[in-house]
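# Survey of secondary and tertiary structure
Residues per chain are reported as follows:
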Amino acid sequence: MAAAAQTDLKRVFAYSSVNHLGYCLLGIFALAVPAAGAAAQASQAAALNGVILQMFNHGITAAALFWFVAMLQERTGGHRGIDQFGGIRKPAPVLAGLMGIVLFSSLGLPGLNGFVGEFLIFRGVFSAGLGRRHGFYPWPAGYRGRHPHRHSESIHRPRARALRRLSDLHHGERLAMAPVISLMLIIGLVPQIIVNSVNPTVVNLLAHWRF
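A short tour of the structure in this document, coming up. (Residues numbered from 1 in each chain as written. Predicted model: local features only at pLDDT ≥ 70, side-chain atom pairs only at ≥ 80, totals over all residues. Heavy atoms only, no water.)

The helix and strand inventory of the protein chain stands at eight helices and zero strands. Start at the N end of the protein chain and walk to the C end: the helices and strands fall as α-α-α-α-α-α-α-α. Expressed as a percentage of contacts within the protein chain between residues at least 6 apart in sequence, the contacts between residues at least 24 apart total 83%. Within the structure as shown, the protein chain displays about 10,700 Å² of accessible surface, and the carbon and sulfur contribution to it stands at 65%. (Helix = DSSP H or I, 4+ residues; strand = E, 2+ residues; numbered from the N terminus. Contact = heavy atoms within 4.5 Å. Areas by Shrake-Rupley, 256 points an atom, 1.4 Å probe, with all protein chains shown as cover.)

With that settled, the discussion passes to the side chain of His-58. Along the polypeptide, His-58 turns up in helix α2 (residues 38–76). Separated by 3.1 Å, the side chains of His-58 and Ser-17 make a polar contact. Excluding anything up to four places from it in sequence, His-58 contacts Ser-17, His-20, Leu-21 and Ala-63. (Polar contact = N/O pair within 3.5 Å; in protein donor to acceptor, adjacent residues only side chain to side chain.)

Inspection of the secondary structure puts Leu-183 in helix α7 (residues 171–189). Between the alpha carbons of Leu-183 and Leu-112 there is a distance of 8.9 Å; along the sequence they are 71 residues apart. In contact with Leu-183, other than residues within four places in its own chain, are Ile-60 and Gly-188.

Attention shifts here to the environment of His-58. Note on His-58: relative accessible area 14%, which makes it buried. When the C-alpha positions of His-58 and Ser-17 are compared, they lie 7.7 Å apart, and in sequence the two are 41 residues distant. (Buried < 20%, exposed > 50% of the residue type's maximum accessible area, 1.4 Å probe, protein only.)

Another point: the packing of aromatic side chains. Taken as a whole, this structure holds five aromatic pairs when the rule is applied. Geometrically, the ring pair formed by Tyr-23 and Phe-122 is edge-to-face, given 5.2 Å between the ring centres and 70° between the ring planes. Remark: Phe-122 occurs in helix α4 (residues 113–127) and Tyr-23 occurs in helix α1 (residues 9–29); sequence separation between them is 99 residues. Taking 5.6 Å as the distance between ring centres and 25° as the angle between the ring planes, the aromatic pair formed by Phe-115 and Phe-119 counts as stacked. Taken together, the residues span about one helical turn, with Phe-115 and Phe-119 both in helix α4 at a distance of four residues. On the basis of relative accessibility, which here comes to 46%, the residue Phe-119 falls in the partly exposed class. By the ring-pair criterion, three or more aromatic residues cluster together here, those being Tyr-23, Phe-122 and Phe-126. (Phe/Tyr/Trp six-rings, centres within 6.5 Å; stacked < 30°, edge-to-face > 60°.)

Right under this line is the structure:
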């Protein structure tokens, strides 16, 4: 609710970060549920794997979002209010396109890195019965349906007069963003490159936790 009420881009992204890390906290809470049987233990492992992956993904996505806000501020003389932007796609199509990818990553769109961590967390939490026992449901994430919609208006709606000469990303900025976007796509499509590397540590940690 706090994120949905904001009109400042930085404030929106800051409050949405609280939401993302709140999912991590929810996944950690799943460890407090007694795990009776292999299925419940697998659910806890999925939740903790999701927590680790989500923290890694959030670092990538949040940094990229704030970087885009900084570029918009630099190009517009300090503007960062959502209502101050409009029609970014026409003068700066590369900036608008890449920012759209990052926004959908933050939303958790399947195929991008933001989806997998949250999916594992919810899979682990609800399979472990935490949602049913303690009333946790994913309804607070509803603001995120509004979150990309408001920003898409900034990209596609009629251009604001002050943005008609907005410059697109230059070559150096595109090169700087290329590895970030690549990571979002690679992790979204092949998440096991990270999950397989941390899962042994997760299993070992859970074994000691249960003991």
